[in-house]
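Read off the chains here:
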Amino acid sequence: MTHTTDVLAIGNALVDVIATAPASFLSENDIPKGSMRLIGADDAERLYARMGATREVSGGSAANTVAGIAAMGGKPAFVGRVAADQLGEVFAHDIRAAGVSYDVAPMADGPPTGRCLIVVTPDGDRTMSTYLGACQELSEADVDEAAVRASAVLYLEGYLWDPEHPRAAMRKAIDIARAADRKVAFTLSDVFCVEGYREDFKALLGTHVDVMFGNEHEVCALYETQNLDAAMAELAKHATIAVVTRSAQGAVVLANGQRHVVPCHPATQVLDTTGAGDLFAAGFLSGMVAGRSLPDCARQGTIAAAEIIAHYGARPERDLKALVAEQLGR
């Protein structure tokens, strides 16, 4: 069955507000280093006031992924909620300018556009405090059945699984995609998402998801073990295709009883690891839609991830299509 969209993603429509700071800033504000936590509007205002000089870059996990897919020459689309405010305008402009189809109308009433306050420490690690705002207002009515049916892959982020209405929207999209014989991909997103919805995520693995992405910490959390090999052994029993990212140790792809180990692609420098997993997924899914082998899909993911960690922000700045062609020879 032909498709007009390569990947349709449903996720949080966020604007990243990024500041650099010493690790002491995190301890002074009682924020666990390297974590991702959800905060309320008041906490977001207080933290923003303490962050000092910032830069604003459109973000959101799945939105970053489809921006990366567009940068590789793909045809992606995105579904996510913003408000009719300044940050909402920034998000909509940036994602469309990146080459992603985005048709969800901004909300005139309700909470403001969501934002992720990111503190980057000198080691390049990022710590995220997220106010979801308008993201949580996504509903089943925002899911266009025809758009899902026209997409080769439906991609969903675990970050959005927490609010009731977005979760219902994603379940609806999964049902449409499965009925249309389309692929469904899902990212675990963060350990706190796994700990909150472990049984839901395990159930998705069984019959609803074709490709599951997770880093080594998320996969261990899914099976409540600190032994990665044991976690991956369990994951291999249930997943059709599972991709486990391991930062500097590359990635492991589990499929059809096989384990493909792919080393990381060397980065020119490590300034900000924000979006590394998002861009890995972009490279992998782009390769999958193009019919590449699973190891090559993972290699494409490592190339995209290496580009993103070499600069601030989670949207690509170099020509990813050219980078992939240069590195993979096609």
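Rules used in this analysis
Residues numbered from 1 in each chain as written. Predicted model: local features only at pLDDT ≥ 70, side-chain atom pairs only at ≥ 80, totals over all residues. Heavy atoms only, no water. Helix = DSSP H or I, 4+ residues; strand = E, 2+ residues; numbered from the N terminus. Expected span 1.5 Å × (residues − 1). Buried < 20%, exposed > 50% of the residue type's maximum accessible area, 1.4 Å probe, protein only. Contact = heavy atoms within 4.5 Å. UniProt positions renumbered as here; feature names shortened; annotations may be inferred. Pairing = 2+ DSSP bridges. Right-handed = clockwise from strand over helix to strand, strands pointing away. Axes fitted to C-alpha atoms, helices over the stretch in contact; angles between N-to-C directions. Core = buried A, V, L, I, M, F, W, Y, C linked by side-chain atoms within 4.5 Å. Phe/Tyr/Trp six-rings, centres within 6.5 Å; stacked < 30°, edge-to-face > 60°. Parallel < 35°, antiparallel > 145°, perpendicular 65-115°, else oblique. Left-handed = near helix turned anticlockwise from the far one by under 90°. Nonpolar A, V, L, I, M, F, W, Y, C, P; charged D, E, K, R; others polar. Disulfide = S-S within 2.5 Å.

A. Inspection of helix 11 (residues 276-289) at higher detail. In this model, helix 11 (14 residues) spans 20 Å end to end at C-alpha, consistent with the 20 Å of a helix rising 1.5 Å per residue. Of all 14 residues that make up helix 11, 12 are buried, and the element is covered over most of its length. For helix 11, the full list of buried residues reads Ala276, Asp278, Leu279, Phe280, Ala281, Ala282, Gly283, Phe284, Leu285, Ser286, Gly287 and Met288. Following helix 11 by one or two positions, Gly291 adopts a phi angle in the positive range, close to 85°.

B. View of the side chain of Asn12. With respect to the element layout, Asn12 can be found in the loop between strand 1 (5-10) and strand 2 (14-20). Those residues in contact with Asn12 that sit more than four places away from it in its chain are Gly59, Gly60, Ala63, Phe78, Leu132, Cys135, Glu157, Tyr159 and Leu160.

C. Fine view of the UniProt feature "domain: Carbohydrate kinase PfkB" (unreviewed entry) in the chain. Annotation from UniProt places "domain: Carbohydrate kinase PfkB" (unreviewed entry) at residues 38-315. As annotated, residues 38-315 comprises 42% helix and 21% strand, and the C-alpha atoms at either end are separated by 22 Å.

D. The pairing of strand 5 (residues 76-79), seen in detail. Of the two faces of strand 5, both are covered, the one formed by Pro76 and Phe78 as well as the one formed by Ala77 and Val79. Pairing between strand 5 and strand 6 (residues 101-102): two bridges, direction parallel. When the sheet's bridge partners are listed, Phe78 is paired in strand 6 with Tyr102. Read as a crossover between parallel neighbours, the route from strand 5 over helix 4 (residues 86-97) to strand 6 is right-handed.

E. Geometry of the sheet that holds strand 5. Taken together, nine strands build an open sheet; the order of strands is 6-5-1-9-10-11-12-13-14 and the sheet is mixed. The open sheet has two free edges, formed respectively by strand 6 and strand 14 (258-262), since each of these has just one partner strand. Pairing geometry for strand 1 and strand 9 (residues 151-157), over five bridges, is parallel. By the bridge assignment for strand 9, Thr5 is matched with Ser151.

F. Molecular detail of the sheet that holds strand 8 (residues 126-131). Read across the sheet, five strands follow the order 3-8-7-2-4 without closing on themselves; strand pairing throughout is mixed. Looking at strand neighbours, the two that pair on one side only are strand 3 (36-38) and strand 4 (55-59), the edges of this open sheet. Pairs of neighbouring strands in the sheet enclose a mean axial angle of 25°, with direction left out of account. Bridge count between strand 3 and strand 8: three bridges; the pairing is parallel. Of the residues in strand 8, the one forming a bridge with Arg37 is Ser129.

G. Representation of the nonpolar core. Ranked by size, the top nonpolar core spans 103 residues in total, and within it Ile10, Phe78, Phe201, Phe213, Leu235 and Phe284 carry the most contacts. Counting 13 residues, the second largest nonpolar core, distinct from the first, contains Ala21, Ala44, Met51 and Val119.

H. Layout of the pairing of strand 7 (residues 114-120). Among the seven residues of strand 7, seven are classified as buried, and the element is accordingly described as predominantly covered. Because side chains alternate across strand 7, one face comprises the buried residues Gly114, Cys116, Ile118 and Val120, and the other comprises Arg115, Leu117 and Val119, equally buried.

I. The arrangement of the environment of Gly196 in detail. Tracing the sequence through the fold places Gly196 in helix 7 (residues 191-196). Spatially, the C-alpha atoms of Gly196 and Trp161 are 9.5 Å apart, while their sequence positions differ by 35 residues.

J. Region of interest: the packing of aromatic side chains. This model, assessed by the stated rule, comprises 10 aromatic pairs. Measuring from ring centre to ring centre gives 6.2 Å for Tyr155 and Phe213, while their planes differ by 80°; the resulting arrangement is edge-to-face. Of the two residues, Tyr155 sits in strand 9 while Phe213 sits in strand 11 (residues 211-215), which places them 58 residues apart along the sequence. For the pair Tyr155 and Phe213, one class covers both residues: buried.

K. Molecular detail of unusual backbone geometry. For Ser247, which is not a glycine, the phi torsion comes out positive at approximately 55°. Tracing the backbone shows Ser247 in the loop between strand 12 (241-245) and strand 13 (251-255).

L. Representation of the packing of helix 3 (residues 61-71) against helix 11 in the model. It is at 8 Å that the axes of helix 3 and helix 11 come closest, and there the two elements cross at 45°. In terms of their interaxial angle, helix 3 and helix 11 are classed as oblique. Handedness of the crossing formed by helix 3 with helix 11: right-handed. Judged by residue contacts, Ser61, Asn64, Thr65, Gly68 and Ile69 of helix 3 engage Asp278, Leu279, Ala281, Ala282, Leu285 and Ser286 from helix 11. In terms of residue class, the contact of helix 3 with helix 11 is made up of five nonpolar, five polar and one charged.

M. Highlighting the state of the cysteines. Evaluated as defined, the whole model comprises zero disulfides. The closest cysteine sulfur to the non-disulfide-bonded Cys135 is located on Cys116, 10 Å from its own sulfur. Left unpaired, Cys220 is separated from the closest cysteine sulfur, that of Cys193, by 16 Å.

N. Region of the structure containing the environment of Asp181. Tracing the backbone shows Asp181 in the loop between helix 6 (164-179) and strand 10 (183-187). Asp181 sits 32 residues away from Arg149 along the chain, and the two C-alpha atoms are 8.5 Å apart.

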